[in-house]
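In case you want the letters, here they are:
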Amino acid sequence: MNAAVKELEEFRREVSAWLEANKPGDPGFLLPQSFMEVGTEQQVDFLREWQHKVWNAGYLGMAWPKQYGGQGVDAAYQSIADQEMRRHGVPICFNVIGLGWAGPLINDIGTDEEKSRYLKGILSAEDIWCQGFSEPDHGSDLGNARTRASRDGDSWVINGTKIWTTLGNYAKYMILLARTNPEAERKYDGLSFFLAPMDAEGIETRPIRKLTGEYGFTETFFTDARIPADCLMGAEGQGWKIAMQTLQYERGAEAGAAGGLAFVRIVIDDLVEQLRDVPRGDAGVLDDPVMRDELVRLIMEEKAIALGDRRSGISALTSDYPLSLPLSNKLRWTEYTRRMRQFAINAQGADGALYVGDDRAPAGGFWQRAYLNSFSATIGGGTSQIQANIIAEHVLGLPK
Amino acid sequence: MSVIGNTALRFDDEQAMLLDYARSFCADKGLAEARLHLESEQAHDVSLWQEIVAMGWTGIGLPESAGGAGLGIGAAVPVLESMGRVLMGTPLMSSLLAVQLLVRADATAAAAILQSIAAGEVATVAQLEASGWASSEVTAQLDENGRVQGHKRMVMDAAQARWLVVTLDHEQAALAVIDTQSLAADAIRPRQLIDLTHRAADVLLEDVEPALVITGDGVPGALRDYTLLGALLVAAESTGAAAAALDTIIDYLKTRKQFDKLIGSYQALKHPAVDILNNVDSSRSFIYHAATLVGDGVLGRDQEIACRMAKAQATETLKFAGDRAVQFHGGMGFSWECDAQLFIRRAQWAQQQFGDAQHHRKYLADLLLNS
Ligand SMILES: Cc1cc2nc3c(=O)[nH]c(=O)nc-3n(C[C@H](O)[C@H](O)[C@H](O)COP(=O)(O)OP(=O)(O)OC[C@H]3O[C@@H](n4cnc5c(N)ncnc54)[C@H](O)[C@@H]3O)c2cc1C
């Protein structure tokens, strides 16, 4: 073992020990599996405290610069910390839009001023971030977003409506895509990108109830909302380019995230474990040849994704379409996950029809709720159909 | 323990060079080479086989102790994947698998035959008797005079082979190596395969004097490993073929216009093309994972899982890719001239060899789900 590897292994033990000692106990209320499921004050307070603690211990934003709240060390350390957090089953670091998208963006293209203003608060969970891209009439067709930003002295005046704003009612800042020039020849050139304070007068959020019956995102209204001129990121008219870069972080195709668990990974092992005692007919569901075949297919699908991660680092084995594995990852994982959770309910028999709140619901309705929530990932961040278009056009080179 | 298990996947510079070399060698020949021989007795030119022998590919998987170059059988994966891309129909896979069976059963006894295979004599395993790979039925046997009696079906490349490695019903299992030069003139009966780039024949063995008989404890294990490696090599070939089928689709989607638009702009064609791409990616990951794990030693649980998954994934992928290749070419796809037909034919052949996807998933279920 060389010195670097040894040091990393030592670090792994250190994080592991810390997590062991600091893992929070059961809070007595439902803990979100992903940042898109955060919907109560209680959850926000709890998760804010947890993230702060992780950051304070030095296990978040490790590869970000020291002067902005990071540790300035190699990303390998963060990746070990993340692995350990996953292994210990600790809660998520829920400020994902900051940690995973806005933060890396500011780190990569932000001014020094922006970095000192925003990065630390992202890590410490003091400043929660949200994303204002989608609008009621323009979701997949984001390039046609209509929310208007007009310059007035040293402010921008914002008018319009954003929707499906995750954490909208808890956020201090929003990454906002708005139209600064409706006359631009190309619709994309009329868009600009803002780091907008959510407490500005004229911004209102209305929580939207989700398919699970819970809350977690908002409709966000801008009525002559004034934000300072220096909220503009980059130059006027660069909004589309910057938004696309943000989506690269979001879809995991671009590195730079601060780390921490963004979501609780539900894997096939969880399902197989759950099915061990489930009866079907006179035997167990795991004895049924047809159900076994379905499970093997799912196992293979998950394994293929894991092997793809390995292969993507080997250029000799990715020469056909070098972008194929990274650009397909979101589509493959989210679609797989959705079907796996759907099958889980299928395999539970009659009780599979019960939901959270019923005392007979298998595993407390975990899989039912997880299945409903799985669509957050097949719709949010660009729908699966849009992902397929992107892969077809950017990987296979097919025409628009 | 996780059902995902081992996810090792490594590929060193030497393997990368071999892949690169094999890719360009095969690309130079192209699908045109395979097309030349669709309706002839042999699926390839004699000169092509000589080139393959000269490159040392017939020695892949032969351990150094048996006079080989020490390239493990995993090295056959990049080579066969490359050959699959142009549906190259040589007996290389047959020879490599015969070598594996002999080496694993008794390399010392088979030393001279192994040398001759590496030097270019074609060898193939005559195993199948029942109607499919799910059955391990073997009735061929040695009679009291030590002569082989039996009937083997669908023996790959039998008509070109010098050596037949015949599986026998004898104690726990045995092998007889037969020199085809000692067979009666009509003993080898070519079959008409759906895949015109491969050849197979039934073999009638009556009173045949074997050149070598291998018995003993090593044989059953060797047979088991041979079928797993067979599954892997067919998977490698199929992965290459599926990638080529995808290329054929993409080329057409980028050039054919209807309603004044390139047909590649229609999502009904575009999205399945992405599905094929993702499936080819999975196949490639599985075959190179298996290639990473298999070595000269007895195949263990992880290797078995890897080989079975590779086969279960790759031939299904090829079936899907070939099938869509025909459909997405419209009337052209229904023509002999269009390459799409070659891929669906290959797919239908490949899925049967060493067991279809359902067969392997059945075994995988036992390996993964039994507590
Ligand atoms: C849980 C959740 C959280 C979210 N959080 C945020 C957030 O924080 N910030 C934010 O800005 N947005 C957020 N979104 C919004 C999300 O990005 C949009 O819902 C998504 O981009 C789709 O847009 P849409 O809802 O307008 O659907 P539409 O674009 O109207 O799509 C409807 C259907 O048409 C299909 N479709 C549309 N265009 C095409 C095409 N060209 N080809 C093929 N099919 C097409 C879609 O795939 C979909 O099936 C969130 C969504 C969810 C579900």
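Just so it is clear, the model here is predicted, and its values are computed rather than measured.

In this section: the sheet that holds strand β4 (residues 163-168) of chain B. Residue and element names in this part refer to chain B. The sheet built from four strands is open, its strands ordered β1-β4-β5-β8 with mixed pairing. Each having just a single partner strand, β1 (123-126) and β8 (212-214) make up the two edges of the open sheet. For this sheet, the mean inter-axis angle between neighbouring strands, taken without regard to orientation, is 20°. Sheet topology places strand β5 (residues 174-179) next to β8; three bridges connect them, and they run antiparallel. The residue of β8 that forms the bridge with L175 is I214. Contacts from helix α4 (residues 92-106) reach β1, β4, β5 and β8, with the element oriented near 70° to β1.

Time to look at the domain arrangement of chain A. Residue and element names in this part refer to chain A. When the domains of chain A are assigned, the result is domain 1 (3-126), domain 2 (130-250) and domain 3 (268-395). Summed over both partners, the interface of domain 2 with domain 3 buries about 570 Å², with 52% contributed by carbon and sulfur atoms. Looking at the side of domain 2 facing domain 3, the largest losses of area belong to S140, L211 and T212, adding up to 60% of the total buried there. Where domain 2 touches domain 3, the interface holds one salt bridge. For the salt bridge of E214 with R369, the shortest nitrogen-to-oxygen distance reads 2.7 Å. For the side of domain 2 that touches domain 3, the class distribution of residues is one nonpolar, three polar and three charged.

Ranked by internal contacts, the top residues of the largest apolar core, which has 140 residues, are A:I268, B:W57 and B:L233. Of all the elements, helix α6 (residues 218-255) of chain B adds the most residues to this core, at 12 residues. Discounting chain neighbours no more than four positions away, the residues touching B:W57 are B:L18, B:Y21, B:A22, B:F25, B:I52, B:V79, B:M83, B:L92 and B:L96. Formed by 77 residues, the second largest nonpolar core is a distinct cluster that contains A:L47, A:W55, A:W64 and A:L232.

This part is about the interface of chain A and chain B. Across the boundary between the two partners, chain A contributes 43 residues, which contact 50 residues of chain B. Carbon and sulfur atoms make up 63% of the area that chain A and chain B hide from each other, which totals about 4000 Å². Across the contact surface, chain A and chain B share six salt bridges. With its nearest N and O atoms 2.9 Å apart, the salt bridge here joins A:D320 to B:R85. Remark: the boundary between chain A and chain B carries 25 residue pairs in polar contact (both at pLDDT 80 or more). Taken together, the elements giving at least two residues each to the side of chain A that touches chain B come down to α7 (268-275), α8 (289-311), α9 (324-347) and α11 (384-395) of chain A. When residues in the side of chain A that touches chain B are grouped by element, the largest group, 15 residues, is from α8(A). The residue inventory of the side of chain A that touches chain B, partitioned by class, reads 22 nonpolar, eight polar and 13 charged.

Quick notes on the rules
Residues numbered from 1 in each chain as written. Chains lettered and ligands numbered in written order. Predicted model: local features only at pLDDT ≥ 70, side-chain atom pairs only at ≥ 80, totals over all residues. Heavy atoms only, no water. Pairing = 2+ DSSP bridges. Helix = DSSP H or I, 4+ residues; strand = E, 2+ residues; numbered from the N terminus. Axes fitted to C-alpha atoms, helices over the stretch in contact; angles between N-to-C directions. Contact = heavy atoms within 4.5 Å. Domains from an automatic or database assignment. Buried area = accessible area lost by both parts, 1.4 Å probe. Salt bridge = Lys/Arg side-chain N within 4 Å of Asp/Glu carboxyl O. Nonpolar A, V, L, I, M, F, W, Y, C, P; charged D, E, K, R; others polar. Core = buried A, V, L, I, M, F, W, Y, C linked by side-chain atoms within 4.5 Å. Buried < 20%, exposed > 50% of the residue type's maximum accessible area, 1.4 Å probe, protein only. Polar contact = N/O pair within 3.5 Å; in protein donor to acceptor, adjacent residues only side chain to side chain.

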